[in-house]
Amino acid sequence: MDTQHAPKTENGGEASHEIDFVTLGMFIIDEIEYLPPTPPVRDILGGAGAYSALGARLFSPPPLSGSVGWIIDKGSDFPAALEDLVLAWETSVLMRPTPERLTTRGWNGYDEHQNRAFRYTTPKKRLTAEDLTPELLTSRSFHLICSPSRCRELVTEIKARRSGLSNPDGTGLPKPIFIWEPVPDLCTPDELLNCTNTLPLIDIISPNHSELAGFMGDSGLDPDTGEISTKAVERACEQLLGSMPLQSFAIVVRASEKGCYLARNGGRKRKVRPAAGQRSSSSKKPSSLLHGGLRPDTDMEALFAGLLQDPEGSIAREEIEVDPGVERWIPAFHTDPQRVVDPTGGGNTFLGGLAVALARGKSLEEAAAWGSIAASFAIEQVGTPVLGRDEDGRETWNGVKVDDRFEEFKTRLAFS
């Protein structure tokens, strides 16, 4: 990494990596139980932290892998095989030994409709903003999975802690991107007001279709078919955006085999284009043309005529840039249900891909495509995809190069 562009810590030292993505999701060792006759599996890398880090890592081959930050609290029972797996990803993972406790573990069960049940089987260790090192605090994006009230707390705390950090030239760090994944238990009508109060603080809210429906007191399913209702998803997004018309957040709804739905309010930006040959800037207007200071003898016609003219008397042309907003479905990459072996972690992996794309300047639509590709790798097997290399030494996951799959998907979506 170019150390000339490395952010500085509060003590003036330089961070070792430029961080694009950090998750405050927990690391969990999973046990997954399926419907008979499929046997259960144990000691599987899991949790929102692990899967969202995977999503960002899929699009970050070394040395870019160091731009992915996450935290693991290793209990006394932490399997050596999982540690080897984590280290093979070459991320900026912060692994903290906690020998006085057991690693956070969870049980996952699925019904015939792929609805997940979950419970912790050992005490959980929740992450806070205080757990973030100065290096991780410099991240361009943060993935938060929590309640509405806790999301507000985390955003406020992260911003406060970042205020003590700066770039090498002494300027402050750029505004980070906050991606909020609501926890399912609190996606209820009673929490809808808390949800809307959180939206002005974040950039992306990403519930799945069921969680979004829960906020609206709905099932989110088509009453005739029992499938996910795309109309219900669109209607709920319209209601949420309508409740906050002046805010710039976006909604990304993860809808399983339907793909994901993107919704963002549009807006208008007004700018004045100077006449040909004139500089745009900095000529100061005469005080008589400024707002305010009106007197009984002010010539209003002359005043407004002046406001439309540049200092040379030419008419200043006004341009209005219109952002139409976004309302779009992005399909899932896998169209064959047989390719989906285990959906565990697919949504978290999607958000890791989405977040790191936004951190690297991609549009919302392209970032969602990154997320869809990331999720496609996560659900092809139990646990995480297998990292390898092809005959040319290029990185593969499950024997496939991520860029190749993404290019195929871009062609399908007609992206440029």
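This one's a predicted model, so the numbers in the text were calculated from it and none came from an experiment. (Residues numbered from 1 in each chain as written. Predicted model: local features only at pLDDT ≥ 70, side-chain atom pairs only at ≥ 80, totals over all residues. Heavy atoms only, no water.)

Chemist: How do you make sense of the packing of aromatic side chains when you look at a structure like this?
Modeler: For any two aromatic rings, the description comes down to two numbers: the centre-to-centre distance and the angle of the planes. Enumeration according to the criterion identifies 10 aromatic pairs in this entry. Measuring from centroid to centroid gives 6.1 Å for tryptophan 89 and tryptophan 397, while their planes differ by 70 degrees, and the two rings are edge-to-face. Of this pair, tryptophan 89 sits in the loop between helix H2 (80–88) and strand S5 (92–97) while tryptophan 397 sits in strand S17 (residues 395–397), placing them 308 residues apart in sequence. Each member of the pair, tryptophan 89 as well as tryptophan 397, carries the same accessibility label: buried. Centre to centre, the rings of tryptophan 370 and phenylalanine 406 are 6.3 Å apart; their planes meet at 75 degrees, and the pair counts as edge-to-face. Within this pair, whereas tryptophan 370 is found in helix H10 (residues 364–378), its partner phenylalanine 406 is found in helix H11 (residues 402–413), the two being separated by 36 residues in sequence. With relative accessibility at 9%, the residue tryptophan 370 sits in the buried group. Under the relative-accessibility criterion, phenylalanine 406 is labelled buried at 6%. (Phe/Tyr/Trp six-rings, centres within 6.5 Å; stacked < 30°, edge-to-face > 60°. Helix = DSSP H or I, 4+ residues; strand = E, 2+ residues; numbered from the N terminus. Buried < 20%, exposed > 50% of the residue type's maximum accessible area, 1.4 Å probe, protein only.)

Chemist: For this particular structure, what's the right way to read the sheet that holds strand S9 (residues 177–182)?
Modeler: Adjacent strands of a sheet form backbone hydrogen bonds with each other and so pair up, either parallel or antiparallel. Taking strand neighbours across the sheet as the criterion, the nine strands line up as S5-S4-S1-S8-S9-S10-S11-S12-S15 in an open arrangement whose pairing is mixed. Either end of the sheet is taken by a strand with one partner, and the two such strands are S5 and strand S15 (326–330). Strand direction decides the pairing type here: strand S11 (residues 250–254) and strand S12 (residues 260–264), joined by five bridges, are antiparallel. Within S12, the position partnered with valine 252 by the bridge is leucine 262. Running over the sheet, H2 touches strand S4 (68–74) and S5 and is turned about 155 degrees from S5. Strands in contact with helix H4 (residues 148–162) are strand S8 (141–146) and S9; relative to S8, the strand with the most contacts, it is inclined by about 150 degrees. (Pairing = 2+ DSSP bridges. Contact = heavy atoms within 4.5 Å. Axes fitted to C-alpha atoms, helices over the stretch in contact; angles between N-to-C directions.)

Chemist: Please explain the sheet that holds strand S2 (residues 28–33) as it appears in this structure.
Modeler: Pairing within the open sheet is mixed, and its four strands lie in the order S3-S2-S6-S7. Sheet topology places strand S3 (41–46) and strand S7 (116–120) at the edges, where each strand pairs with a single neighbour. Across the sheet, the mean angle separating the axes of adjacent strands is 30 degrees when strand polarity is ignored. The pairing of strand S6 (residues 105–110) with S7 spans five bridges and is antiparallel. Across the sheet, the residue bridging to asparagine 108 is phenylalanine 118, located in S7.

Chemist: Hey, could you run me through the environment of glycine 214 in this one?
Modeler: In this fold, glycine 214 is placed in helix H6 (residues 209–215). On the accessibility criterion, glycine 214 (16% relative accessible area) is buried. Separated by 29 residues in sequence, glycine 214 and aspartate 185 place their C-alpha atoms 9.2 Å apart. Residues within four places of glycine 214 in sequence aside, it is in contact with Cys187, Thr188 and Pro189.

Chemist: What is the right way to read the side chain of arginine 405 from this model?
Modeler: By secondary structure assignment, the location of arginine 405 is in helix H11. According to the relative accessible area criterion, arginine 405 is buried, its value standing at 5%. One polar contact links arginine 405 to serine 376, side chain to side chain, over a distance of 2.9 Å. Excluding anything up to four places from it in sequence, arginine 405 contacts Phe333, His334, Arg339, Ile373, Ser376, Phe377, Glu380 and Val400. (Polar contact = N/O pair within 3.5 Å; in protein donor to acceptor, adjacent residues only side chain to side chain.)

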